[in-house]
Amino acid sequence: MERAQSQQQAAPGAFTAFARFVLFGGGVGLASSFAVAALASWMYWGLANALITVVSTLLATELHARFTFGAGGRATRRQHAQSAGSATAAYAMTSVAMLVLQQLVAAPGVVFEQVVYLSASALAGIGRFAVLRLVVFARSRSQVAATVSTIRPVHATAARAAAPAGPVVLGHAA
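The text that follows walks through the structure, step by step, so that each part is easy to find. (Residues numbered from 1 in each chain as written. Predicted model: local features only at pLDDT ≥ 70, side-chain atom pairs only at ≥ 80, totals over all residues. Heavy atoms only, no water.)

Some words on the pattern of salt bridges
Thinking step 1. All told, the structure shown has two salt bridges when counted by the stated rule.
Thinking step 2. A salt bridge links Arg66 to Glu62; the shortest N-O distance between them is 3.4 Å. Of this pair, Arg66 and Glu62 both sit in helix α3 (residues 45-68), separated by four residues, roughly a single helical turn.
Thinking step 3. The buried category is assigned to Glu62, whose relative accessible area is 13%.
Thinking step 4. Of the charged contacts in the structure, one is a salt bridge between Arg74 and Glu62, with a shortest N-O distance of 3.8 Å. Placement of the pair is Arg74 in the loop between α3 and α4 (77-104) and Glu62 in helix α3, with a sequence separation of twelve residues.
Thinking step 5. Connected via shared salt-bridge partners are Glu62, Arg66 and Arg74. (Salt bridge = Lys/Arg side-chain N within 4 Å of Asp/Glu carboxyl O. Helix = DSSP H or I, 4+ residues; strand = E, 2+ residues; numbered from the N terminus. Buried < 20%, exposed > 50% of the residue type's maximum accessible area, 1.4 Å probe, protein only.)

Notes on helix α2 (residues 14-40)
Thinking step 1. When the terminal C-alpha atoms of α2 are compared, their 36 Å separation across 27 residues agrees well with the 39 Å that a helix rising 1.5 Å per residue should span.
Thinking step 2. Within α2 the residues assigned to the buried category are Ala17, Phe21, Val28, Ser32, Ser33 and Val36. (Expected span 1.5 Å × (residues − 1).)

Here it is in structure tokens:
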């Protein structure tokens, strides 16, 4: 019972969750952008982006499960799989943005590439926040709420049972 109540208290509101999402997801995303740039000097950019996207998604999903959305522990396999779906969309968005940049600018500089990549990542991140909050980690909040709502009536029932339900009839003392 205490665990359910502490998990309910740990579930942050939308603003707090978004601030944490930006902190953790943005931090991982920023580190990822530099990692992609470093790997892209050794291999094809699309492959570097794919590898970094996989690693950063695993890391970010764990951080979001533990801190951002108050899931109360490690992310489940299901949550990782669902999060991977939104990461796939983010990967597609950043890849398209970079391909468009390469089509429009013959030799973009590293700084310009980073601006385009981070802008596409930020837009994809807003969509990911909505998906993670409303779909991936929503079950954790609803399970906690269901657990707490089933606990509360027990206390109310116990309190009602302690008080007499109607007029008290006392027997005659002979």
